[in-house]
Amino acid sequence: MSRKKIAIFGYGNHGKYLAQGLHRDGFDITIIESDKTFYKDAKSDGFEDVHLLDVTRDSELTGKIDFGEYAQLVCVMDDEHLNVFLTLSLSSLYKDSYILAISDSVNVTKKLKMAGASKVIDLYDVSANKIYNILDKPVATRLLEEFVVNRKGITFKEMLIPEGSFLDQMMVDDVNFSKYGVLFIGMIDEEKAHSFIFVTAGLEHKLDAGDTIVCLGEKEHLNAFARLIKKSKDDISIEAKI
Amino acid sequence: MNRLIVYFALLLYHSRRYKKAKQFARDLLFDQNNIYKKYFDLTIIFLVITSVFILIYEVKHEVPRWLDNYDIYFVSIVFAIEYMLRLWVHNDLSVMIINEYNDAKFLGKDFNVFRVLKKGLYQKLKYMITPSAIVDLLAILPAYRPLRILRVFILFRVFKLLRYTKSINQFVDVITTKKFELLTLLFLLFFIVFTSGIAIYILEADKNPHIHTLFDGIYWAVVTVATVGYGDIAPVTDVGRAISILIIISGIAMISFVTSIIVSAFSERLYEIKEHKVVTELNKSRSFLVICGYGQLTKMFLRQNRKNIDNHVIIDNNLQRVIEAKKSGYVAIHDNASSYATMSKFDAENSDITVLALTASDVENIYIALNVRSISRKIRLVGRVNDPENIDKFRHAGVDEILIPNIVANTMVYTAITQPTMYKAIHAILTGKGVANIDEIHVHQSHGIAGRAIKELHFKESKLLFIGIQREKEFIFNPPSSEIIQPHDILLVMGRKISLDYFKSIHKGNINV
């Protein structure tokens, strides 16, 4: 995976968890805080790219760092008022940026969307959903959560089909994914307006170079499969002969 | 004599058949869950109604002999048997005698069977003078033919119906809470009626042609104080009229007093009665959710309006929030979910209950969890944890499923950052919206798919993605297609809802149990 630059605003409840997880997974992160205590926390937790900025001032947000370069701006300040204000500032300063924000109530979600956040994750919305899932399908919920959170074992992975891959131009039904120890869950079809299509939707799909496929499987199998799809049909048949 | 009675009591004490019979009678009369009770009740109600109908018909018509016999003998005998049964099951004389005998033997003191018999019979007598027992007895009396006046007692049979209506019991309950106030007023009423009755008798007995006896005076006072005023007796002297004015005014005051006392008693208890009704309805439904706390999370949870949570009740100890919940159209009770009295109202033995402890305080949630666990191990518990440090405590308190909103949200944010394209997919799977449902198929012992190989189930043709099997504690990911499905396996399958439903219908199993 390419090293994406991600800016995390806030090192409180959520920021801390995210920063540590992202750091572990090898992302290039920048932490911005307006609170001195949290700033010191981040420093003492070993992060180097930490900045103490007054996020209410545009000059601070445009001065030292050019946030336009970042792949994602994540607004997870503990103070919800500040979080909405920050989202608004960032969306007006960096119009093309992808801004992700967290919200802890329906009203705040609305405000964040109006302020220009690209995606808002509502704390209670996702939790409420989870209660349903626990009541409805406890085993599936637990397993799925493990798949999502796991860094080892069974997990999801998205892979880009490169130019010249043996998968290019093949029909989904003709590929035996099980042979590689992975399950094909779905894909993002560039031909069909960048929409996510689940394998169970029941449509015949042709894989093209540039499509992103999502698979489920053991981490090692997934990594092996990701390496494999870079190869062409000829490479594979040659390897098979050897 | 002593020995004979003890011997007889011992015989009954050890007779399994006697005990069984007594228990059956007890269940038939009192146990709401007894299957025969309904028929028994209906029979009694039928007998009462026919009996009263015959009484009315009799006034102007000749009643056929068989119908008369039915009324006099059959109905009365059934009622007599019922009365005896109630008296019989009221207490256990044999058990009392044996216990007393054992105690006496243990202490080495003299055993007097009559003392304990007296005690037991006294208990029975005490039962006999309760209003419902008196009504039962009066309902049997009309069987005695020589006294024609006893026919009117058939009307007492109607009172027997009261036993079968809960609302009357509640009414009596409510009235008894205001016993003191009502008795005081009753006393005052007696005072007014008697003094004015006597006064009018003294003042007008020789002047008023309608007043001859003291009873006339008291009758006049009652008719006047009740503001009925038939007018058959009216005061003729000025002093008599002055007394009339006084008792009419005090009569109005008295009636409005009584009304207001009863109304206020009801409005005080109305909430309790309503709440009782909610709980009874839930217990009848056999499967329901109890949601503790009406905060952000609960609101969000209920707002989704999914089908599978029809029966639920919200419990919150904050009145403001309960009012808010009711305004939003939810069933809510203002009570303390961490109190034993509140939670033990729910019938955990016969119902499938899930308790969601969703308050914003971990202390409160743990307390609710412990309280629920102290009532039953059968209840399913989902607990909200706000501080991850407390997870162990929740596990210790017996919470089945733990929900940590912060972590759930963090995971979602994390997925959204690291795998943005997949976030949509996972979100869709988690919310169960759209084409991607992940579901579990519980394979029961007698399930159609137990013992079959995975390839025989044709998941692919059913447009389903088979992910794996949860077998005991282990998850087998994507097992080979020759793998045989065993009873108690849980299959993890993904697909559209219609595909899952179709699969369920052809395999006659239960998806999503």
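To be clear, the structure that these remarks concern was listed above.
Rules and cut-offs
Residues numbered from 1 in each chain as written. Chains lettered and ligands numbered in written order. Predicted model: local features only at pLDDT ≥ 70, side-chain atom pairs only at ≥ 80, totals over all residues. Core = buried A, V, L, I, M, F, W, Y, C linked by C-beta atoms within 7 Å. Buried ≥ 20, exposed ≤ 12 C-beta atoms within 10 Å, placed from the backbone. Helix = DSSP H or I, 4+ residues; strand = E, 2+ residues; numbered from the N terminus. Contact = placed C-beta atoms within 7 Å. Nonpolar A, V, L, I, M, F, W, Y, C, P; charged D, E, K, R; others polar. Pairing = 2+ DSSP bridges. Axes fitted to C-alpha atoms, helices over the stretch in contact; angles between N-to-C directions. Expected span 1.5 Å × (residues − 1). Right-handed = clockwise from strand over helix to strand, strands pointing away.

Draft legend 1. Seen up close, the nonpolar core. Phe 9, Val 74 and Cys 215 of chain A together with Val 493 of chain B are the most contacted members of the largest nonpolar core, which totals 137 residues. Among the elements that make up this core, the one with the highest residue count is helix α18 (residues 405-418) of chain B (eight residues). Listed in part, the eleven residues of the second largest apolar core include Val 193, Leu 203, Ile 243 and Ile 247 of chain B.

Draft legend 2. Main features of the interface of chain A and chain B. Across the contact, 54 residues belong to chain A and 54 residues belong to chain B. Examining the composition of the side of chain A that touches chain B, we find that 14 residues originate from one element, helix α6 (residues 123-136) of chain A, more than from any other. Across the side of chain A that touches chain B, the residue classes tally to 34 nonpolar, 13 polar and seven charged.

Draft legend 3. Structural detail: unusual backbone geometry. Despite not being glycine, Gln 169 of chain A has its phi angle at roughly 70 degrees, a positive value. Residue position: Gln 169 of chain A is located in the loop between β7 (154-160) and β8 (182-189). Even without glycine at this site, Arg 286 of chain B takes up a positive phi of about 70 degrees. Topologically, Arg 286 of chain B is positioned in the loop between α12 (238-285) and β1 (287-292).

Draft legend 4. Examining the sheet that holds strand β4 (residues 352-357) of chain B more closely. Residues and elements named next belong to chain B. The strand order across the open sheet formed by six strands is β3-β2-β1-β4-β5-β6, and the pairing between neighbours is parallel. Because the sheet does not close on itself, it has two edges, and the strands there are β3 (332-334) and β6 (401-403). Strand after strand, the sheet turns through a mean of 20 degrees between neighbouring axes, direction not considered. Inspection of the sheet shows strand β2 (residues 312-316) paired to β3 by three bridges, in the parallel sense. In the sheet register, Ile 314 faces β3, and the bridge partner there is Ala 332.

Draft legend 5. Inspection of the pairing of strand β9 (residues 474-477) of chain B at higher detail. Residue and element names in this part refer to chain B. Two strands pair when backbone bridges link them, and strand β8 (residues 464-471) and β9 are joined in this way by four bridges, in the antiparallel orientation. Within β9, the position partnered with Gln 470 by the bridge is Phe 475. If you look at the hairpin formed by β8 and β9, you'll find two residues sitting between the two strands, and Glu 472 has a positive phi there, around 50 degrees.

Draft legend 6. Representation of helix α7 (residues 138-149) of chain A within the structure. Helix length check: α7 of chain A (twelve residues) gives 17 Å between terminal C-alpha atoms against 16 Å at 1.5 Å per residue, within 8%. Buried residues of α7 of chain A: Ala 140, Thr 141, Leu 143, Leu 144 and Phe 147 of chain A, and no others.

Draft legend 7. Structural view of the environment of Ile 200 of chain B. Residues and elements named next belong to chain B. Topologically, Ile 200 is positioned in helix α10 (residues 179-204). Placed 17 residues apart in sequence, Ile 200 and Gly 217 show a C-alpha to C-alpha distance of 5.9 Å. The residues touching Ile 200, leaving out its near neighbours within four places in the chain, are Ile 211, Gly 217, Trp 220, Ala 221, Pro 235, Gly 240 and Ile 243.

Draft legend 8. Focus on the pairing of strand β6 (residues 119-122) of chain A. All names here are of chain A. Here β6 shows no split at all, with Lys 119 and Ile 121 on one side and Val 120 and Asp 122 on the other all buried. Sheet topology note: the strand β5 (residues 98-103)/β6 ladder contains four bridges and is parallel. Across the sheet, residue Ala 101 finds its bridge partner in β6, namely Val 120. Each parallel crossover has a hand, and for β5 linked through helix α5 (residues 106-114) to β6 it is right-handed.

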